[in-house]
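# Overview (structure and organization)
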Amino acid sequence: MQRTFHDDLMTDKVALISGGTRGINLGIAKRFVQLGAHVVVFGRNEQRAKEAEASLQEVGGGRAMGIACDVRDYDAVRDVVTRTRDAFGELDVVIAGAAGNFFSPVVGLSANAFKTVIDIDLLGTFHLFRASYDALKTPGASLIAITAAQAEKATPFQAHAAAAKAGVNMLTKTLAIEWGPAGVRANLIAPGGIEGTEGVKFLASTPEQFDDAIQRIPARRLGQVDEIADMAVFLSSDAAAYVNGQVIYVDGGLKTGDGSYDCLTVPDRR
């Protein structure tokens, strides 16, 4: 894919990413390192954190660390923030990407399962952003939370994730207002179906249903991890200096179209 940013756009910027040891968040971390940022990623699994660190160091550009930490533990998150600042300096970018999800009807959802998702997604986002405040480079710091369409659209079997992400949305927008005067911006990215990620397997249970799901996307394709990463780069850059408190959908137009014209034949105007 053709790159759209200068190779040194994020040179020496410092980024901290929760849930950054795999998937979309690791893809963002790799993009940042490639552009010269120093990045710390963390997640619960120690082995995965080590593997993420190794993969980031192979990218070249900026430096990287992987740390094992559970976002549900505020003191542990605060320690990761301290280690990041001690290693690389004040934080330019903080990305809350840790999340937990599964499909379940409400009647099949235990109180503990519901609480677990809330704790990882919502409480984990609060822990990271709150613990980072005193370590942010101001003015100019950028907070980004990874959210989902369920936050704004009720979705069957997703009550837990919908409630958690709705909370993440409002928390992040509130920080945009409260911390904006200090020069801190806070925005959200809502990815659509992204190729190669865990969520894609839930699009359909048969090849026919999968093809139908793709046809509901105006772009008629899945997204790429790099496309989410590039949005994160944009929101972290001076080009987005006046973008604050926004939910940015990177979904090929799915939310806009809402799948209502998936059978429409679109003329080829190439």
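Of the regular secondary structure elements, the chain holds 8 helices and 7 strands. Each principal axis of the C-alpha atoms in the chain carries an extent, and together these give about 55 × 50 × 40 Å. Among the 270 residues that make up the chain, the fraction classed as buried is 47%. Look at the contacts in the chain between residues 6 or more apart in sequence, and 77% of them connect residues 24 or more apart. Split by element, the accessible area of the chain, about 13,400 Å² in all, is 52% carbon and sulfur. A gap of 2 Å separates the mean positions of the 27 positive and 32 negative side-chain charges of the chain.

On to the sheet that holds strand 2 (residues 38-43), then. One open sheet accounts for 7 strands, arranged 3-2-1-4-5-6-7; its pairing is parallel. Both outer strands of the open sheet, strand 3 (64-68) and strand 7 (247-250), are each paired with one neighbouring strand and no more. Across this sheet, the average inter-strand angle for adjacent strands is 20°, counted without regard to direction. As defined by bridge partners, strand 5 (residues 142-146) adjoins strand 6 (residues 185-191) across 5 bridges and the pair is classed as parallel. Bridge assignment links Ile146 to a residue of strand 6, and that residue is Ile189. The strands that helix 2 (residues 46-59) touches are strand 2 and strand 3; relative to strand 3, the one it contacts most, it runs at about 175°.

The next subject is the environment of Gly43. Position of Gly43 relative to the elements: it lies in strand 2. Taking C-alpha positions, Gly43 is 19 Å from Ile228, a pair spaced 185 residues apart along the chain. In this structure, Gly43 is in contact with Thr21, Ile67, Ala68 and Cys69, ignoring residues within four places of it in sequence.

For the peptide bond that leads from Thr138 to Pro139, omega is -5°, which places it in the cis range. Tracing the backbone shows Pro139 in the loop between helix 4 (111-132) and strand 5.

Our focus in this paragraph is the confidence of the model for the chain. Note: predicted coordinates in regions of low pLDDT should not be interpreted at a detailed level. Here the chain averages 91 in pLDDT, while 90% of its residues score no lower than 70. Taken together, the stretch residues 260-270 has pLDDT below 50 and engages in 8 contacts with residues farther than four places along the chain or on a different chain.

Let us now look at the pairing of strand 5. Burial analysis of strand 5 places 5 of its 5 residues in the buried class, which makes it a mostly covered element. Of the two faces of strand 5, the one holding Ser142, Ile144 and Ile146 and the one holding Leu143 and Ala145 are both buried throughout. Both strand 4 (residues 93-96) and strand 5 contribute to a ladder of 4 bridges, which runs parallel. By the bridge assignment for strand 5, Ala96 is matched with Ala145. In this fold, the crossover linking strand 4 to strand 5 by way of helix 4 has right-handed handedness. Handedness of the β-α-β unit built from strand 5, helix 5 (residues 159-179) and strand 6 comes out right-handed.

Before going further, it helps to examine the nonpolar core. If you look at the biggest cluster of nonpolar residues, it comprises 34 residues, and the most contacted ones within it are Leu16, Phe42, Leu128, Phe129 and Leu143. Elements represented by at least two residues in this core include exactly strand 1 (14-18), strand 2, helix 3 (74-88), strand 4, helix 4, strand 5, helix 5 and strand 6. Among the elements that make up this core, the one with the highest residue count is helix 5 (5 residues). Counting 30 residues, the second largest nonpolar core, distinct from the first, contains Met10, Val41, Ala52 and Val225.

Using the criterion set out here, one finds 1 aromatic pair in the structure. Summarising the aromatic geometry, the rings of Tyr133 and Trp179 are spaced 4.5 Å apart at their centres and angled 50° between planes, so their arrangement reads as tilted. Of this pair, Tyr133 sits in the loop between helix 4 and strand 5 while Trp179 sits in helix 5, and the two are 46 residues apart along the sequence. Overall, the relative accessible area of 31% leaves Tyr133 in the partly exposed class. Overall, Trp179 belongs to the buried group, its relative accessible area being 11%. Above the face of the Tyr249 ring, Lys255 is positioned so that its terminal group lies 5.1 Å from the ring centre.

What counts and what doesn't
- Residues numbered from 1 in each chain as written.
- Predicted model: local features only at pLDDT ≥ 70, side-chain atom pairs only at ≥ 80, totals over all residues.
- Heavy atoms only, no water.
- Helix = DSSP H or I, 4+ residues; strand = E, 2+ residues; numbered from the N terminus.
- Buried < 20%, exposed > 50% of the residue type's maximum accessible area, 1.4 Å probe, protein only.
- Contact = heavy atoms within 4.5 Å.
- Areas by Shrake-Rupley, 256 points an atom, 1.4 Å probe, with all protein chains shown as cover.
- Lys, Arg positive; Asp, Glu negative; His and termini not counted.
- Charge placed at Lys NZ, Arg CZ, Asp CG, Glu CD.
- Pairing = 2+ DSSP bridges.
- Axes fitted to C-alpha atoms, helices over the stretch in contact; angles between N-to-C directions.
- pLDDT = per-residue confidence, 0-100.
- Right-handed = clockwise from strand over helix to strand, strands pointing away.
- Core = buried A, V, L, I, M, F, W, Y, C linked by side-chain atoms within 4.5 Å.
- Phe/Tyr/Trp six-rings, centres within 6.5 Å; stacked < 30°, edge-to-face > 60°.
- Lys NZ or Arg CZ within 6 Å of the ring centre and 35° of its normal.

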